[in-house]
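Coordinate inspection notes
Okay, here's what each chain looks like letter by letter:
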Amino acid sequence: MVGPAHRGQGLAARAVRVMAAYAFEQLGAGQVILELEAENAASVAVATKAGFQLLDMPLITGEEKGRPYALQTWGLNRP
């Protein structure tokens with residue numbers, strides 16, 4: 001989460017790119033996966049800016065604390 005005073009500066013996308021680079025370079029991951037609420041436009045924008053692509057996978061649905069959710073799966077492959 002990025003505080004209101006710092007939004008619009010690309011900080012969230014940068015943080016996601018840094019964490020993905022760590023997963024690839026230090027942990028040897030072949031792919032990084034994000035599971036995002038389908039209706040969260042800000043999260044989708046961050047994933048897109050960070051280079052992730054929406055994967056052709058079914059939505060992950062469920063309920064938490066009485067609130068239903070639907071998650072999309074986004075992926076970034078090792079460069």
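Below, the structure is looked at part by part. Sequence positions are assigned chain by chain, starting from 1 and proceeding in written order. Totals for whole chains, interfaces and linings use all residues, but because this is a predicted model, local features are given only for residues with pLDDT of at least 70 and pairs of side-chain atoms are given and counted only at 80 or more. The basis for every side-chain value is the complete set of heavy atoms in the structure, and neither hydrogens nor water enter the calculation.

1. What to know about the pattern of salt bridges
What counts, and what does not: Any carboxyl oxygen of Asp or Glu within 4 Å of a side-chain nitrogen of Lys or Arg constitutes a salt bridge here. Where helices and strands are cited, they refer to DSSP runs of H or I of at least four residues and of E of at least two residues respectively, numbered from the N terminus. Remark: exposure states derive from per-residue accessible area (1.4 Å probe, protein chains only) relative to the maximum for the residue type, with buried under 20%, exposed over 50%, and partly exposed in between.
By the definition in use, this model includes one salt bridge. For the salt bridge of Glu37 with Arg67, the shortest nitrogen-to-oxygen distance reads 2.8 Å. With Glu37 in strand β1 (residues 31-37) and Arg67 in strand β4 (residues 67-77), the pair connects residues that are 30 residues apart, well separated along the chain. When its relative accessible area of 31% is taken as the criterion, Glu37 is described as partly exposed.

2. A short note on helix α2 (residues 41-49)
So the rule is basically this: Definition of a polar contact: a pair of N or O atoms within 3.5 Å, with one able to donate and the other able to accept a hydrogen when the atoms are protein atoms, and with sequence-neighbouring residues admitted only if both atoms are side-chain atoms.
Measuring from the backbone nitrogen of Ala42 back to the side-chain oxygen at the start of α2 gives 3.2 Å, which picks out Asn40 as the cap. Of the residues flanking the end of α2, it is Gly51, one or two places downstream, whose phi is positive at about 95°.

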